[in-house]
Structures are given as structure tokens and as C-alpha cells.
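As a plain string of letters, each chain reads:
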Amino acid sequence: MSTPSASGDIDPARVNKLDLLEHLADDLAHEIKNPLHSMVINLEVLRRRVARLDGDASDTLRYVDVLGTELDRVSRRVELLLRLVRPGHRAEQVSLEELLDELRELFELEAARRRVALQVELQSSPRSLALPREPTRQLLLNLVIEVLQGLAPRSVLHLVTRYTDAALELRVEGRPASGADGAPAPVPPAEPGRLAVARALGSRIGATVEEPPPTESPARTLVLRLPRARA
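These lines cover the structure that appears in this document, whether it is placed above or below. (Residues numbered from 1 in each chain as written. Predicted model: local features only at pLDDT ≥ 70, side-chain atom pairs only at ≥ 80, totals over all residues. Heavy atoms only, no water.)

### Digging into the nonpolar core
In terms of nonpolar packing, the biggest core is built from 34 residues, with Leu139, Leu140, Leu143, Leu157, Val172 and Leu224 touching the most fellow members. Only α3 (96-113), α4 (133-148), β4 (156-163), β5 (167-175), α5 (194-204) and β7 (221-227) provide two or more residues apiece to this core. Ranked by residues supplied to this core, first place goes to α4 with seven residues. Not counting residues within four places of it along the chain, the set of residues in contact with Leu139 comprises Ala198, Leu201, Gly202, Ile205, Val209 and Leu224. If you look at the next biggest cluster of nonpolar residues, it comprises five residues, including Leu36, Leu43, Val64 and Leu71. (Core = buried A, V, L, I, M, F, W, Y, C linked by side-chain atoms within 4.5 Å. Buried < 20%, exposed > 50% of the residue type's maximum accessible area, 1.4 Å probe, protein only. Helix = DSSP H or I, 4+ residues; strand = E, 2+ residues; numbered from the N terminus. Contact = heavy atoms within 4.5 Å.)

### A short note on the sheet that holds strand β6 (residues 208-210)
Pairing within the open sheet is mixed, and its five strands lie in the order β2-β4-β5-β7-β6. Sheet topology places β2 (117-121) and β6 at the edges, where each strand pairs with a single neighbour. Looking at each pair of strands side by side, their axes are set apart by 15° on average, direction ignored. Across the sheet, α3 lies against β2, β4 and β5, angled at about 170° from β2, the strand it touches most. (Pairing = 2+ DSSP bridges. Axes fitted to C-alpha atoms, helices over the stretch in contact; angles between N-to-C directions.)

### A short note on the pattern of salt bridges
A full pass over the atoms with the stated rule returns 17 salt bridges. Note that Arg137 is salt-bridged to Glu134, the shortest N-O span being 2.8 Å. Of this pair, Arg137 and Glu134 are both found in helix α4, three residues apart, which corresponds to roughly one turn of the helix. Neither residue differs from the other here; Arg137 and Glu134 are each classed as buried. One network of salt bridges, with partners in common, ties together Glu169, Arg171, Glu173, Arg175, Glu210 and Arg225. (Salt bridge = Lys/Arg side-chain N within 4 Å of Asp/Glu carboxyl O.)

### Observations concerning the side chain of Ser155
Mapped onto the elements, Ser155 comes out in the loop between α4 and β4. The buried category is assigned to Ser155, whose relative accessible area is 0%. Once residues lying within four places of it in the same chain are set aside, the contact partners of Ser155 are Arg115, Val116, Ala117, Arg175, Pro176 and Ala177.

### So, the packing of α4 against α5
Where α4 contacts α5, the two axes come as close as 9 Å, and the packing angle between them is 150°. Accordingly, the angle class assigned to the pair α4 and α5 is roughly antiparallel. Where α4 crosses over α5, the handedness of that crossing is left-handed. Facing α4, whose interface residues are Pro135, Gln138, Leu139, Asn142, Leu143, Ile145 and Glu146, α5 presents Arg194, Leu195, Val197, Ala198, Leu201, Gly202 and Arg204. Of the residues contributing to the contact of α4 with α5, the split by class is eight nonpolar, three polar and three charged. (Parallel < 35°, antiparallel > 145°, perpendicular 65-115°, else oblique. Left-handed = near helix turned anticlockwise from the far one by under 90°. Nonpolar A, V, L, I, M, F, W, Y, C, P; charged D, E, K, R; others polar.)

Here is the structure:
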């Protein structure tokens, strides 16, 4: 996989690959969404016909309900993918709170897949900064995945916002699980280059991405800081 250069510049080959994957994911999501919608409609027709049959149809309807629940679950996941890759709102200005709410389900799914708990603590802001949707969304995804992929099972991923008179701050904190002897469990190494991409995206919206030095805990923390003057 191509990565940003040592100077922090984004490799054009990597950008092209990401654009291609986005295009393919959009096409694939639409191809899945259409038959899913058809199955949901036909399942509802089947439910009504079974309900009109003579005799006790409760057992059959139970299986129909299970199918309906699973189809709805898959449909919501595909809709989430479509929202992430759909190019219709690239120039839209949104708040950080809106983006975190939009991405929260995706963060929850990825954390659950890695058996990591997700905690989100959003401090209310008297006035939110308007941010460009597309680069900010990509930036948040990079920060979360960068920290998440280095966490062992049973760890905690903590997202917390802080507002001051001077800046807006988002902390993405990884809190590793402890082993039986109380020592932190070993974690796999992070993928090189993602942090450089996040910093490049941050510079596009006037933000900085910092990695504070570890203190007593080996937990990794990334901090997105955006001056209020950016508004």
C-alpha cells in the first residue's frame, strides 16, 4: 500500500486508490440497496398473506419477523455506507457535533468488531464552528481508526470534545485493556501514514492534529484542535 512521503505529502497513488474505492463502494451499495428494498416489500406481502391463512400462523409469522429484522439491519448498514460515500454534500458546511453524530454508528460498528467499548462525551457549545463536511469527515475517520486499530479487545475508545474561548478540541483517546496481572495487554502496531494524512486534512480546514506524549498509561491519544478564530 502506498503511503504519504516522509515529508507528510499525500501520495497521489494513494489518493487515486481511495477515490477508486469510494466510487466502487458507492456502486456496490446501490446494487445491494435495490434488491434489499425489493425483499422488504415482498416480505411484507408474505406477512399479510400468511396472517390471512386459516389456522394458527403464529409460528410462521415468527420466522417472517426474524427475516424482517435482519433485512432491516442490513438495509441500515448499506444506507450508512451510502451516506459515507455519496458525493452530493461535499461542499456543505456542518458542525463538529453533526459530523460526530453522523459517524457515530460507524464508529460503534467498527469498535464492536474489534471488541472495543465506545464512549462519547460531547460538551455543549454556545456556538459551533462551521466546517467543510468532506475533509472534516475524512479527518475524523482517520483519527478514530488510527487509535482504534491499536487497541486490544476489551479496551475503551473515548471521544471527548472540549470548548474554550480560544479553541475547539476533540480528544480521541485509547484506553488499553489490562491483562490478568494488571499490566496493559499488548496491542498491534498502527498503520504507517494515516496520521500524516490526518494532519494534511487538518491543515485544509485550519486545524492541527497533535499526539501528546504518553504519561503513566501507554494509551494513545490524538488531539484535533481548531481555533475559534477559524469561524
